[in-house]
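For reference, the chains in residue letters:
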Amino acid sequence: MFDNLSTKLDRAIKTLKGQGSISEINVAATIKEIRRALVDADVNYKVAKDVTDKIKEAAMGRDVLTAVSPGQLMVKIVYDELTALMGGEKQDITIKGDPAVILLSGLQGSGKTTFAGKLASFVKKQNRTVLLVACDVYRPAAIDQLKVLGEQIGVEVYSEVENKNPVEISRNAIEYAKKNNKKVVIIDTAGRLAVDEQMMREIEDVKAAINPSETLFVVDSMTGQDAVNTAKTFNDRLNFDGVVLTKLDGDSRGGAALSIRAVVEKPIKFISTGEKMDALDLFYPDRMAQRILGMGDVISLVERAQMQFDDEEAKRINAKIRKNQFNFDDFLSQLEQIKKMGNIKDLMGMIPGMSKAMKDVDIDDDAFKPVEAIIKSMTRQERANPDLINGSRKKRLAKGSGTDIQQVNALMKQFDDMRKMMRTMNKMSQTKGGMAQMA
Ligand code: GDP
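Residues take numbers from 1 onward in each chain, read along the sequence in its written order. With pLDDT at 70 or above as the cut-off, local features in this predicted model cover only qualifying residues; side-chain atom pairs require 80 or more to be listed or tallied, and sums for whole chains, interfaces and linings still use all residues.

Counted only if it meets this: UniProt positions are given in the numbering used here, feature names are shortened, and annotations may be inferred rather than shown by experiment.
By the naming in an unreviewed UniProt entry, the chain is Signal recognition particle protein, taken from Hymenobacter antarcticus. In UniProt, the chain has this text filed under Function (unreviewed entry): "Involved in targeting and insertion of nascent membrane proteins into the cytoplasmic membrane. Binds to the hydrophobic signal sequence of the ribosome-nascent chain (RNC) as it emerges from the ribosomes. The SRP-RNC complex is then targeted to the cytoplasmic membrane where it interacts with the SRP receptor FtsY."

Quick look at the structure:
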């Protein structure tokens, strides 16, 4: 899901690649692209404008850490804003009262009945006794559907086939729950094809009569802008507590997830991703933002880099690279920096496109030990002037570091290759952030 949006954002952010800092000039085009990508993903225009304005504000004049590229930093900024837009923190449903009553609302076909089953199964797993209530007085088939689901998950379903009054059915169901020791009552109400006055009044009456501890609005995420409008209509009448986004497994453009929260100011609490009873997830704004961005775990990478990378040191090393003076002392210092950032394999895995390639490669922090040992066996002159290291010195280094001549040769070759690459980079005058990206 969200492929469309994440690819577009990816492209927008790539325009920043290779830039040293985020400035008015280079950010304007990116912001425009991000806004277009959001609108294309069915995000409400006003919401898209608000969020991109905030992104721009957060990005302007930001000194780009040498440890991350401006593109990566931009991803982090976009991620922060998307997370905030979707509510920031995860929000739980309130299960309170004896029994606790949860009321479900939404249009027909939104996935309400399926969700009722999933929620019942979810609550049952918390070792609570549950009663499902079929309150669709218009479609007998809906009652049967709920009974099938109930049987599947081992939850009793309450219904009154002859009764056409949802308020009465709900009240009776709650009485039944009290007598039969059911601690949570989930009421599945009637859905219609379009919002209509009678239906709205009916569910308003049910809510007033039973005073649920949680009223949820269930909405099909594939309906895009309509989802936002329906959410608004239901919220005006019901003042619901939270939103359930269904069918996020489908070809949804994801805009609903982004704009509903902003428009109705109510949190999304669950997402439903399939027809199986266990395809229900709690909604975590930060995880959803990561999924939308679909960029590996760049976010954590940037966060860690921001926390730990010594920017001054990186600048010093970049200056040496520019002057073609990079030596083994600098190499060692870079290794220290990388090690400070945590487990090497984890770190590599956070780089988009890297995780798959890295899966079968066994790198652990020990991989650097022989390299460090060799460099530490060098004299000060050798470290500062690597060209001094000839055959006999290599033998001495191997012996001193407890490695062998092949390992010393490998390191020398790697170092030479790095210097060559740095020289080429210098020629292309692409210096800033270069070393850090290679590391
Ligand atoms: P209701 O009319 O609101 O009660 O909606 P239903 O629960 O009957 O769902 C309508 C259709 O959507 C059914 O065919 C469900 O199987 C399907 N459905 C419900 N939730 C999901 C979901 O999360 N993913 C997918 N792919 N289909 C769903």
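That was the structure; now back to the text.
### Describing the overall build of the chain
Stated formally: In DSSP terms, a helix is any run of H or I states spanning at least four residues, a strand is any run of E spanning at least two, and both are numbered starting from the N terminus. Three exposure classes are used. Buried residues have 20 or more other C-beta atoms within 10 Å of their own C-beta, exposed residues have 12 or fewer, and partly exposed residues fall in between, all C-beta atoms being placed from the backbone. Each residue is represented by a C-beta atom placed from its backbone, and any two residues with such atoms within 7 Å are regarded as in contact.
The secondary structure content of the chain amounts to 21 helices and 8 strands. Looking at the chain residue by residue over its 439 residues, the buried ones come to 41%. Long-range contacts, defined here as pairs at least 24 residues apart, represent 76% of the contacts in the chain between residues at least 6 apart.

### Concerning the packing of helix α17 (residues 369-377) against helix α19 (residues 391-401)
Worth spelling out the cut-off: Fitting a line to C-alpha atoms yields each axis, with helices limited to the stretch in contact; the angle taken between N-to-C directions then spans 0 to 180 degrees. Oblique is the label for every angle not falling under 35 degrees (roughly parallel), over 145 degrees (roughly antiparallel), or within 65 to 115 degrees (roughly perpendicular). Each crossing gets its handedness from the near helix: less than a right angle anticlockwise from the far helix is left-handed, clockwise is right-handed. Side-chain classes are defined by residue name, with Ala, Val, Leu, Ile, Met, Phe, Trp, Tyr, Cys and Pro counting as nonpolar, Asp, Glu, Lys and Arg as charged, and the others, Gly among them, as polar.
Where α17 meets α19, the closest approach of the two axes is 8 Å, and the angle between their N-to-C directions is 120 degrees. Relative to α19, the element α17 is oriented oblique. The hand of the α17/α19 crossing is right-handed. Of the residues in α19, those touching α17 at P370, A373, I374 and S377 are L397, G400 and S401. In terms of residue class, the contact of α17 with α19 is made up of 4 nonpolar, 3 polar and no charged.

### Regarding the site of the ligand
Which entries qualify depends on this criterion: Each residue receives a C-beta atom placed from its backbone. It is near a molecule or strand if this atom lies within 6 Å of it.
Taken together, 17 residues are adjacent to the ligand, and G111, K112, T113, T114 and S272 come closest. When residues of the shell around the ligand are assigned to their parent elements, the largest contribution, 3 residues, is made by helix α5 (residues 112-125). Per-class residue counts for the shell around the ligand are no nonpolar, 13 polar and 4 charged.

### Details of the environment of M422
Residue position: M422 is located in helix α20 (residues 405-427). It is 9.9 Å that separates the C-alpha atoms of M422 and N318, two residues lying 104 residues apart in sequence.

### Thoughts on the pairing of strand β4 (residues 184-189)
Going by this rule: Two strands pair under a simple rule: DSSP has to find at least two bridges between them.
Among the 6 residues of β4, 6 are classified as buried, and the element is accordingly described as predominantly covered. Burial of β4 is two-sided: the residues V184, I186 and D188 facing one way and the residues V185, I187 and T189 facing the other way are all buried. The pairing of strand β1 (residues 100-106) with β4 spans 5 bridges and is classified as parallel. Residue pairing in the sheet places L104 in a bridge with D188 of β4. The pairing of strand β2 (residues 130-135) with β4 spans 6 bridges and is classified as parallel. Bridging from a neighbouring strand, A134 pairs with D188 of β4.

### Quick notes on unusual backbone geometry
Among all residues save glycine, negative phi is the norm, and among peptide bonds the norm is trans. The amide bond that connects D98 to the next residue, P99, takes the cis arrangement and shows omega of 0 degrees. Its location among the elements puts P99 in the loop between α4 (70-85) and β1. Within the chain, N211 stands out as a residue other than glycine whose phi angle is a positive 45 degrees. By the secondary structure assignment, N211 is in the loop between α8 (197-210) and β5 (214-220). Given 11 C-beta atoms within 10 Å, N211 falls into the exposed group.

### As for the UniProt feature "domain: SRP54-type proteins GTP-binding" (unreviewed entry) in the chain
The feature "domain: SRP54-type proteins GTP-binding" (unreviewed entry), as given by UniProt, occupies residues 267-280 in the numbering adopted here. Its end C-alpha atoms 16 Å apart, residues 267-280 is made of 0% helix and 43% strand.

### A few points about the sheet that holds β1
Spatially, β3-β2-β4-β1-β5-β6-β7-β8 is the arrangement adopted by the 8 strands of the open sheet, whose pairing is mixed. The open sheet is flanked by β3 (156-158) and β8 (280-282), the only strands paired with a single partner. Taking the axes of each pair of neighbouring strands and ignoring which way they run, one obtains an average angle of 25 degrees across the sheet. Against the sheet, helix α6 (residues 140-153) contacts β2, β3 and β4, and its axis sits at roughly 165 degrees relative to β2. The strands touched by α8 within the sheet are β1, β4 and β5, with β1 carrying the most contacts at an inclination of about 170 degrees.

### Some remarks on the environment of I210
You can see I210 is positioned in helix α8. Counting along the chain gives 39 residues from I210 to R171, while the straight-line C-alpha distance between them is 6.6 Å. In contact with I210, other than residues within four places in its own chain, are V101, S170, R171 and I174.

### Some remarks on the nonpolar core
The condition is simple: We call a set of buried Ala, Val, Leu, Ile, Met, Phe, Trp, Tyr and Cys residues a nonpolar core when their C-beta atoms link them within 7 Å. The source of the domain bounds is an automatic or database domain assignment.
In terms of nonpolar packing, the biggest core is built from 79 residues, with I102, L132, V133, V185 and I186 touching the most fellow members. At 8 residues, α4 tops the list of elements feeding residues into this core. When we break this core down by domain, the ones giving at least three residues each are domain 1 (3-89) and domain 2 (100-283). With residues up to four places along the chain from it excluded, the contact list for V133 reads Y158, I169, S170, A173, V185, I186, I187 and D188. Counting 10 residues, the second-largest nonpolar core is a separate cluster that includes F328, I375, L397 and L411.

### Let's talk about the pairing of strand β6 (residues 242-246)
With 4 of 5 residues buried, β6 is to be regarded as a mostly interior element. Across 5 bridges, β5 lies against β6 in parallel orientation. When the sheet's bridge partners are listed, D220 is paired in β6 with T246. Examined bridge by bridge, β6 and strand β7 (residues 268-272) share 3 bridges and lie parallel to one another. Pairing of V244 across the sheet is with F270, part of β7.

### Examining α5
We apply this condition: Each residue after the first adds 1.5 Å to the expected span of a helix.
The end-to-end C-alpha distance of α5, which contains 14 residues, comes to 20 Å, matching closely the 20 Å that a straight helix rising 1.5 Å per residue would cover. Taken across its 14 residues, α5 has 12 buried, putting it largely inside the fold. Those residues of α5 lying buried are K112, T113, T114, F115, A116, G117, K118, L119, A120, S121, F122 and V123. Phi for N127, located one or two positions after α5, is positive at around 65 degrees.

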